[in-house]
Amino acid sequence: MTEFWLISAPGEKTCQQTWDKMMQATTRTNNLSTNHKFNIPDLKVGTLDVLVGLSDELAKLDSFVESVVKKVAQYMADVLEDSRDKVQENLLANGVDLITYITRFQWDMAKYPIKQSLKNISDIVSKQVTQIDNDLKARASAYNNLKGNLQNLERKNAGSLLSRSLADIVKKEDFVLDSEYLITMIVVVPKTNYADWQKTYETLSEMVVPRSTNLLFEDNESGLFSVTLFRKAIDDFRLKARENKFMVRDFQYNEEEMKADKEEMTRLSTDKKKQFGPLVRWLKVNFSEAFIAWIHIKALRVFVESVLRYGLPVNFQAMLLQTNKKTMKKLREVLYDLYKHLDSSAAAVIDQPAMDIPGLNLSAQEYYPYVYYKIDCNLLDFK
């Protein structure tokens, strides 16, 4: 994905001249960026006090909305699990890819009516994105619980023989059941110790039933053996078995419990499949909503900052520059030369280390003689 610089400069005789000059400086001779006009409608200006207050509020709202956009994108990647490579094609805004949406940006009059004050528009966005954030938390929590429970059960069914569920391994006929005196134990024996087991199991304690052992199941490392003995010998047998590196599993055959385990696994698996489709659809729709809201916030910030910097009547050209890493430094220099006449204080800070400028929500490294905001479309953090 890619990074955009959203900038604005005051209209000269006409805004078209401002645009032509910038194009001349950045593309016609040296191909530093791909540029697009960024259309911001005639919004209601309001009073200076409101604009100054709004400038701060919009900076905070911008960060919040960006964080929600990233959260929804990242959660989409988590939910898609093995199909993570499909994430990008699901991250659309208004049905188109993000770059197309940004470069052809059109203000959404239905969602954010421009007859409303700037403050109201900002409140509409804030409310809308807070709702998405809250819904995401609730949906993610429910789905993650389900996924976690299913993973725990899967782990129980797939671990080593010392810990995994035996529901799919043992059968009723492997056990002596309902006997007052006898009990069948389950023992995990390393493969290298099979011969030892066969030689010694009958003498590990008193009261072991001769020739009562059977190999029920084996994996790469161990085998699962049954052995029948008298109940009163259990503790002694367990102790001696451990001394010989045979591990007795704590297991009692209970058909009801095992059936319930299997049913729970099926239920969770079915539930997860059922929730997956609607959840992905919700994420797609709400990613689009949040992303659109975010770009509208950028537009609002450009408008407010341009009025504060360049004054009234409203007369500026907003421009979107698609940059690339190699030419960024040169592009900064060219833009600085082009616009340094707009603000002499920017000249003093352009090469200074970062410092806070009172009244502006930017550190010196972010402050330029023209209005500037970054839009970074690298939204995913693949671990």
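**Thoughts on the environment of asparagine 157**
Stage number 1. On the secondary structure map, asparagine 157 appears in the loop between α5 (118-156) and β5 (182-190).
Stage number 2. Its relative accessible area of 26% is what places asparagine 157 among the partly exposed residues.
Stage number 3. The sequence separation of asparagine 157 and isoleucine 169 amounts to 12 residues, and the corresponding C-alpha distance is 9.8 Å.
Stage number 4. Not counting the four nearest positions on each side in its chain, asparagine 157 is found in contact with Arg164, Ser165 and Met265.

**As for the sheet that holds strand β2 (residues 34-37)**
Each strand in a sheet pairs with another by means of backbone hydrogen bonds, the pair being arranged parallel or else antiparallel.
Stage number 1. The four strands are arranged β2-β9-β1-β10 in an open sheet whose pairing can be described as antiparallel. Two strands close off the open sheet at either side, each with one partner strand: β2 and β10 (371-376). The sheet shows a mean angle of 25° between the axes of neighbouring strands, taken without regard to direction.
Stage number 2. Relative to strand β9 (residues 316-322), β2 is paired through four bridges, and the arrangement is antiparallel. Each residue of the ladder has a partner; that of lysine 37, found in β9, is methionine 319.

**Let's talk about the pattern of salt bridges**
Stage number 1. Within this structure, the stated rule accounts for 20 salt bridges.
Stage number 2. We note a salt bridge from glutamate 289 to lysine 111, for which the minimum N-O separation is 3.5 Å. Of this pair, glutamate 289 sits in helix α8 (residues 255-310) while lysine 111 sits in the loop between α4 (98-103) and α5, placing them 178 residues apart in sequence.
Stage number 3. Judged by relative accessible area, glutamate 289 falls into the partly exposed class, the value being 22%.
Stage number 4. In this structure, lysine 340 engages aspartate 337 in a salt bridge whose closest nitrogen and oxygen atoms are separated by 3.6 Å.
Stage number 5. Given the relative accessible area of 41%, lysine 340 is considered partly exposed.
Stage number 6. Within this structure, Glu57, Lys119 and Asp123 form a network of salt bridges that share partners.

The rules behind each value
- Residues numbered from 1 in each chain as written.
- Predicted model: local features only at pLDDT ≥ 70, side-chain atom pairs only at ≥ 80, totals over all residues.
- Heavy atoms only, no water.
- Helix = DSSP H or I, 4+ residues; strand = E, 2+ residues; numbered from the N terminus.
- Buried < 20%, exposed > 50% of the residue type's maximum accessible area, 1.4 Å probe, protein only.
- Contact = heavy atoms within 4.5 Å.
- Pairing = 2+ DSSP bridges.
- Axes fitted to C-alpha atoms, helices over the stretch in contact; angles between N-to-C directions.
- Salt bridge = Lys/Arg side-chain N within 4 Å of Asp/Glu carboxyl O.

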